[in-house]
Amino acid sequence: MPIDEFRAKARAWLEANAKPYDEADEYHFSLEESKRFQKALWDAGLAGITWPKEYGGQGLGAAEQVAFNQEAADFALPTGPFVIGLGMPAPTIMELGTEEMKKRHLPKMVSGEEIWCQLFSEPSGGSDVASLRTTAKRTENGWVINGQKVWTTGAQFSDFGAIIARTDPEAPKHQGITMFVVDMHHPGVTVRPLKVATGDSPFNEVFFDDVEVPADAVIGEVNRGWQASVIMLRNERVTIGASGRSRASVLSFETLADLAGERGLTEDPSVRRTLAELYAKENSTRAFGRLLHERATSGIPIGAAGSAAKLAGAELHLWTAEAVQEVFGPLYASGDPELVGVVKGALGAPGNATAGGTNEIQRNIIAERVLGLPKDPGVDRNLPFNQIRFGN
Amino acid sequence: MPIDEFRAKARAWLEANAKPYDEADEYHFSLEESKRFQKALWDAGLAGITWPKEYGGQGLGAAEQVAFNQEAADFALPTGPFVIGLGMPAPTIMELGTEEMKKRHLPKMVSGEEIWCQLFSEPSGGSDVASLRTTAKRTENGWVINGQKVWTTGAQFSDFGAIIARTDPEAPKHQGITMFVVDMHHPGVTVRPLKVATGDSPFNEVFFDDVEVPADAVIGEVNRGWQASVIMLRNERVTIGASGRSRASVLSFETLADLAGERGLTEDPSVRRTLAELYAKENSTRAFGRLLHERATSGIPIGAAGSAAKLAGAELHLWTAEAVQEVFGPLYASGDPELVGVVKGALGAPGNATAGGTNEIQRNIIAERVLGLPKDPGVDRNLPFNQIRFGN
Amino acid sequence: MSLLFNDEQDALHDAVRRFVEQHSPMTKVREVIGSDASFDPTVWRRLTDDLGLAGLAIPVEYGGAGATLADVSAAYRPLGAGLVPSPLLASAVLAAGLLLALDDEAAKKEWLPQLAAGELIGSVAISEPGNRSWVPAELSTRAVATAEGSRLTGTKVAVLNGADADVLLVIASGDQGAGVHLVRRDAEGLTVTATKGVDLVRGVATVTMQDTPATPLSGDGLAALDKTLDLVNVVVASEQVGAMERLLELTATYAKERYSFGQPIGAYQGVKHPVANMFTSLSLVDASLRETVEEGQDDVRAAAAATRVLANQAYVVASRDTMLMHGGIGFTWEHDAHLYAKNAMADNVLFGTTEEQLDRLAATVLD
Amino acid sequence: MSLLFNDEQDALHDAVRRFVEQHSPMTKVREVIGSDASFDPTVWRRLTDDLGLAGLAIPVEYGGAGATLADVSAAYRPLGAGLVPSPLLASAVLAAGLLLALDDEAAKKEWLPQLAAGELIGSVAISEPGNRSWVPAELSTRAVATAEGSRLTGTKVAVLNGADADVLLVIASGDQGAGVHLVRRDAEGLTVTATKGVDLVRGVATVTMQDTPATPLSGDGLAALDKTLDLVNVVVASEQVGAMERLLELTATYAKERYSFGQPIGAYQGVKHPVANMFTSLSLVDASLRETVEEGQDDVRAAAAATRVLANQAYVVASRDTMLMHGGIGFTWEHDAHLYAKNAMADNVLFGTTEEQLDRLAATVLD
């Protein structure tokens, strides 16, 4: 199918089946609606566009993916619950999984039957993901997992998770980790919502209490889970970078300019300048994401530059969170019901600057991996894990 | 003499002998004028106020010093060439020098007969002062110094300098350094002006080529020069912090508000806000200096908080350098002769943020010594100096 | 003249600090946040009766303690550090300050002693929807003179402790220009709705008046409000400094105790430098505040506004950086960082945004 | 539609880059700075004759190459990276752009081919003393109509390459409002004084006119100037991006090579993070610029202004941080950092400050 025809087909399907971006209240799709939509999208040949056909994909190229993304940008797709699974575990399984694992999971992931989450962060680890303490011990038939994960998005409705656990505490920290597929419906898995600064609970704590997984649940190789994590974290940053618009849409130029305009504030030169600066920043962040995407699809390696996109998005969010205070003045603190979304958006900024690696970690990655600056003096890289100082 | 009487006496003398702050063009005093002024100040009992009488001081207390400083703030004193000598080498000699050394130099320093400079920084060292490479080798009668110093203020007119040199290259870097008094008129000393970004040459490079110093030129103990340097650098930061006003006076609120007002720019709300913010920042920086001074004179230890004053001054300078661009718009780049001082002041900001320790070094000092945060992982502290990597 | 606390200020500061530790620790603050009330009545009783804070800034002749600005500042620092929810700012500072600045001796005699004793809670209703200025240049709330006094119609937003106030001082425009009108809680046509403001430790309300009977107070309303802002600026800045001291302590401690990559995170300059910046900006605001309240000054307008300009920004950044330096933990509801961040945001937009403070400062130092 | 360079742009970019390396290395730039001239005539000849840059943005019908905005942008990036002193911006962009935007066919036919060939240098005189706007809202330079054309009286400042220009396009107010008037170098009553501007690689001059004969050009002067600013914004932003790329390279290299406390300074987050920020802000400006000049757009006004807003700030910070990250060395005259810092300052205040660019952007996206 020529690319223009594909584009037209995608557009037509979206117009018939999805809500326009400006109209949809994107935060209120039910899980069932999301599943139905993903299935329909897949039935229409518009999900897994670049995936191989044998794993449920459409077997098409980057050009089709770009065309779809461009058209989809005008719509509010209820695909939120699938973003993580398709963006992170799926490409990792595609790269490292056994043929059996791929055949078993990938088609169900892309067609909306299986929802996945990613189980990396732990309370004591923070940005130092490799310091994880969750253990997986060998049993006769596989492994048994014990420990706690945190900041897990979507754990409450996930069917499976990709988890990393320590399988050799005597190896240096990066060398004793293994990645597994874990069944989130196992009775030893407890999911508890985690309330954050905004008052919402968008993340979970997940507790693993003697959770058995079979031997063939290993993604990649035993004790090579860090390498698998690196692949997945790289995909995470791309996913976070790409999702900028919908994440911060309550703080978008369009939203804020409307809210300020409705309150008669856009005559004020200072408000005008603030909103114009937001426009410029938002535009450049979006353009940068687009540029990285175009480079990647043209075969130009973008390396760790995705970290710059993630950093830019987080910095824009922090900047906007401060700028809106001056724009609305006392109205910002007055409880104005129409500004509740703005206030929540602003309060969420530090979370955005932390999740998926803090801004400091992104700056390290940019400096070291994009610009070739020397690494931080790593004192714990080569120590056996059980000899590293934690201080708590 | 009661303090009010002392204050009145100081005021009267200053009014009779010094130019008011606003009128004087403070950059054009000749060296001879400076020397005469310092001598007259001393004759009047207003120099070396807190110094012991046996070293040429007045033997008075902190209260008299504060009173003098408060009165002197309204005048432009041509004491620039003495600021370094009296602020850094003198207190160090007072603390560590032999009785003979104190008797020989201190009275001449305070009475304007001897001008001193401080010879610490080296081209390869930067903020890492202790990595110095200038050597002092023992001879029969003393030491012979070879090497290069840089960023030396006033070297061109100094009679003596306090220099640190490496006396044991096999000791760890901080333990093989000695501080000496060096005669700047020695034929082996070459002073070359160093042109900087502003187009001026406020600093010098100083070359030492087989410069002999006698055995009794050591300040403190042999191989304990780092401890002496720490004392002197602490005094340097206090000196730099205290000199904020005159250093940046071309970028002061008063100067800029006048220049903007004369050009009809102070009706613009945005210019008004920028100038008001400058007022607030400048005021707080001055108040912080005053607070530290009051604490110190009340016997409350201020520790390394002087680094915060130095950092605040440097940050204010950098901020102002950017703010003035927006205030004057195209006039800033037009070569307007009355704005030449402003432009030079702005160009000098990065120098101010570097001299006396970069902002990064000050932040380290504040975090480590004021707040007790852990030190940077120091890889070179305990290595013999001649085994440290320099990369160049 | 000195920037250091004198013995009295030291004693007052310590007394309030100990009070906060004993009677309003963060567990108590969170209880209030979780309840429908905007403060704890027992804490309020103790603040007024045991510490006498409601009358601190009110002259002796009106039943207060007639404390200096420096005393007031010393007392409010620990309240800010502990985020103590109370109507002090609304009642003892805003309402009392406005009454004092007006020219209505009868009203002062009637109301100030009750406010000073904390028997009565007052507040001030100023801001309006559709306006980003604390004091709207054109007031939409209208006052009509009647035989008994006046009648008010209009809506006021972000009224501090509006739902707790027994009397409200409302700024409204009438035929004679803007004036202050006193409205009692039980006045007809008055609706007070507590709203969920951004700050969890300051109650706010929306107040609507429909032909509501009021008592006009004599004196130039706008000038009085302007004068009141000096006191408000000093009090809010004092709270901000106290809060920043607490944030610095929290963050510096965490930086020493939390490990990442085998070292305390405070060993990394990426953490160390923001913490040093927090110390530096706090030091500047603290010094600026001390100079503002230094004895022997007639006019603190410029100094107080200048301090607020710096304090607003420093507190917003300090609370944000406290969250960021704590990583994920700092973003949880359980951690106190967000309570300070929300308080900082409210301080940043109430009583005139930073931009308005700059305009106020410019009018003083440039014209 | 794509944000990537096409083959032509790649070729043009590389050709200019090689030219700069060969014919205008920093040693040559410093020669010009040390001389009384504001550019090197040989380099100028080559830029116009060998590379055809003077005519790049001018349509074919007026003797130019009629290149796209994307081509123009690609060509100016290496000129910015190399800080190449030349009258291109004054003559081929400002003067030619303004002529093109006006409605005076005769003037276009007469002057554009000469500007395109680089035979003639033009510039534009706009800003005035006592005004911080690039285009003063109230022009003090007055034009009086005469039988032969017009006569101008007034003073213009910050006139780019004013002392090099053969013809000046002067914006002045007359009875019919603001208009553009063409003044020849040898006109009576014209005084051009080269001034020491902040930027060492852009010549500026103050121009005074006393009853100076001129030719009024037909067309709406202010509208034409406004339109010209789109092209100017694209060209200046392209130079800024090129310069930032060079600064990033300088700083990243130094951070790897310079040792302090036994390690390369780039191992410290205090250096590493500002360098990462430089990469990030450069990436954003670069992407914004690419989108601005992307093919198929009618109106680049908002996108160009938005790019300048970001580029101004990013370049000022990048050049300042280059100085700071280089420590003392970066503050010496000998090091190139200050040349970029001065260029960044000039870019930041000429052709409308960031604030004016924000106002321009707001007028486009908010109204």
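Residues numbered from 1 in each chain as written. Chains lettered and ligands numbered in written order. Predicted model: local features only at pLDDT ≥ 70, side-chain atom pairs only at ≥ 80, totals over all residues. Heavy atoms only, no water.

Student: Help me get a handle on the overall build of chain C, residues and values and all.
Tutor: The helix and strand inventory of chain C stands at 11 helices and 9 strands. For 367 residues, the compact-globule estimate of 2.2 N^0.38 gives 21 Å, and the C-alpha radius of gyration of chain C, at 21 Å, lies within 12% of that figure. The principal-axis extents of the C-alpha atoms in chain C amount to approximately 75 × 45 × 45 Å. Per-residue burial for chain C yields a buried fraction of 66% across its 367 residues. (Helix = DSSP H or I, 4+ residues; strand = E, 2+ residues; numbered from the N terminus. Rg over C-alpha atoms; globule rule 2.2 N^0.38 Å. Buried < 20%, exposed > 50% of the residue type's maximum accessible area, 1.4 Å probe, protein only.)

Student: Break down the overall build of chain A for me, citing the residues and quoting the values.
Tutor: Helix and strand counts for chain A stand at 14 helices and 10 strands. What you see for chain A is a C-alpha radius of gyration of 22 Å, in line with the 21 Å of a compact globule of 392 residues. Dimensions of chain A along its principal axes, counting C-alpha atoms only, are 70 × 55 × 45 Å. Split into buried and exposed, the 392 residues of chain A put 56% on the buried side. Within chain A, residue pairs in contact and separated by at least 24 positions form 73% of the contacts whose partners lie at least 6 positions apart. Surface exposure of chain A reaches about 16,100 Å², of which carbon and sulfur atoms provide 51%. Mean positive and mean negative side-chain charge positions of chain A (39 and 51 charges, respectively) differ by 4 Å. (Contact = heavy atoms within 4.5 Å. Areas by Shrake-Rupley, 256 points an atom, 1.4 Å probe, with all protein chains shown as cover. Lys, Arg positive; Asp, Glu negative; His and termini not counted. Charge placed at Lys NZ, Arg CZ, Asp CG, Glu CD.)

Student: Explain the domain arrangement of chain A to me, using residue names and the numbers behind them.
Tutor: Residues and elements named next belong to chain A. Here the domain parsing of chain A yields domain 1 (3-110), domain 2 (116-223) and domain 3 (244-369). For the pair domain 2 and domain 3, the summed buried surface comes to about 410 Å²; carbon and sulfur atoms form 61% of the total. The largest contributions to the domain 2 side of the interface with domain 3 come from Ser127, Thr198 and Asp200, which together make up 81% of the buried area. At the junction of domain 2 and domain 3, the tally comes to 1 salt bridge. When its residues are assigned to classes, the side of domain 2 that touches domain 3 shows 1 nonpolar, 2 polar and 1 charged. (Domains from an automatic or database assignment. Buried area = accessible area lost by both parts, 1.4 Å probe. Salt bridge = Lys/Arg side-chain N within 4 Å of Asp/Glu carboxyl O. Nonpolar A, V, L, I, M, F, W, Y, C, P; charged D, E, K, R; others polar.)

Student: Lay out helix H5 (residues 88-101) of chain D in plain terms, naming residues and giving numbers.
Tutor: Among the 14 residues that make up H5 of chain D, 12 are buried, leaving the element largely enclosed by the rest of the structure. Where H5 of chain D is concerned, the buried positions are Leu88, Leu89, Ala90, Ser91, Ala92, Val93, Leu94, Ala95, Ala96, Gly97, Leu98 and Leu99 of chain D.

Student: Hey, could you go over the interface of chain A and chain D for me, with residue numbers and the actual values?
Tutor: Taken together, the contacts link 41 residues of chain A with 42 residues of chain D. Roughly 3,400 Å² of surface becomes buried between chain A and chain D when both sides are summed, with 66% attributable to carbon and sulfur atoms. Three residues, Arg272, Arg273 and Leu371 of chain A, lead the burial of chain A against chain D; their summed loss comes to 17% of the area buried on that side. We note a salt bridge from glutamate 291 of chain D to arginine 290 of chain A, for which the minimum N-O separation is 3.2 Å. Counting every contact that joins chain A to chain D gives 16 residue pairs in polar contact (both at pLDDT 80 or more). Residue assignment for the side of chain A that touches chain D shows that the elements contributing at least two residues are helix H9 (253-262), helix H10 (269-297), helix H11 (306-328) and helix H14 (359-370) of chain A. Element by element, the count of residues in the side of chain A that touches chain D is highest for H10 of chain A, at 18 residues. A class-by-class count of the residues in the side of chain A that touches chain D yields 21 nonpolar, 7 polar and 13 charged. (Polar contact = N/O pair within 3.5 Å; in protein donor to acceptor, adjacent residues only side chain to side chain.)

Student: Quick rundown of the packing of helix H5 (residues 88-101) of chain C against helix H6 (residues 105-117) of chain C? Include the residues and the values.
Tutor: Residue and element names in this part refer to chain C. Where H5 meets H6, the closest approach of the two axes is 10 Å, and the angle between their N-to-C directions is 165°. By the angle between their axes, H5 is roughly antiparallel relative to H6. The chirality of how H5 crosses H6 is left-handed. For the pair formed by H5 and H6, the contact residues are Ser91, Ala95, Ala96, Leu99 and Leu100 on the first element and Ala107, Lys108, Trp111, Leu112 and Leu115 on the second. (Axes fitted to C-alpha atoms, helices over the stretch in contact; angles between N-to-C directions. Parallel < 35°, antiparallel > 145°, perpendicular 65-115°, else oblique. Left-handed = near helix turned anticlockwise from the far one by under 90°.)

Student: Hey, could you go over the packing of aromatic side chains for me, with residue numbers and the actual values?
Tutor: Scanning all chains against the criterion turns up 14 aromatic pairs over all chains. Centre to centre, the rings of tryptophan 134 of chain C and phenylalanine 351 of chain C are 6.2 Å apart; their planes meet at 80°, and the pair counts as edge-to-face. Here tryptophan 134 of chain C is found in the loop between strand S1 (122-125) and strand S2 (142-145), whereas its partner phenylalanine 351 of chain C is found in the loop between helix H10 (337-349) and helix H11 (354-365), with 217 residues between them in sequence. The two residues tryptophan 134 of chain C and phenylalanine 351 of chain C agree in class, both being buried. Geometry around tryptophan 319 of chain A places lysine 281 of chain A over its ring, the cationic atom sitting 4.9 Å from the centre. (Phe/Tyr/Trp six-rings, centres within 6.5 Å; stacked < 30°, edge-to-face > 60°. Lys NZ or Arg CZ within 6 Å of the ring centre and 35° of its normal.)

Student: Could you give an account of the interface of chain B and chain D, with specific residues and numbers?
Tutor: At the junction of the two partners, chain B supplies 51 residues and chain D supplies 47 residues. Across the interface of chain B and chain D, roughly 3,900 Å² is buried in total on both sides, 62% from carbon and sulfur atoms. Taken together, the connections running from chain B to chain D amount to 3 salt bridges. Residue glutamate 322 of chain B is joined to arginine 320 of chain D by a salt bridge in which the shortest nitrogen-to-oxygen separation is 3.0 Å.

Student: Tell me about the pairing of strand S5 (residues 177-184) of chain C, and name the residues and values.
Tutor: All names here are of chain C. Both strand S4 (residues 167-174) and S5 contribute to a ladder of 8 bridges, which runs antiparallel. By the bridge assignment, isoleucine 171 is partnered in S5 with valine 180. Taken together, S4 and the strand that follows it, S5, pair antiparallel across an intervening segment of 2 residues. Of the pairings in the sheet, the one linking S5 to strand S7 (residues 204-216) comprises 2 bridges and is antiparallel in character. Looking at the pairing, leucine 182 lines up with threonine 215 of S7. (Pairing = 2+ DSSP bridges.)

Student: An account of the side chain of glutamine 269 of chain C is needed here, citing residue identities and associated values.
Tutor: Within the fold, glutamine 269 of chain C resides in helix H8 (residues 269-292). In terms of polar contacts, glutamine 269 of chain C uses its side chain to reach the side chain of aspartate 376 of chain B, at 2.7 Å. In contact with glutamine 269 of chain C, not counting residues within four places along its chain, are Asn364 and Asp376 of chain B, Pro274 of chain C together with Tyr268, Gln269, Gly270 and Val271 of chain D.

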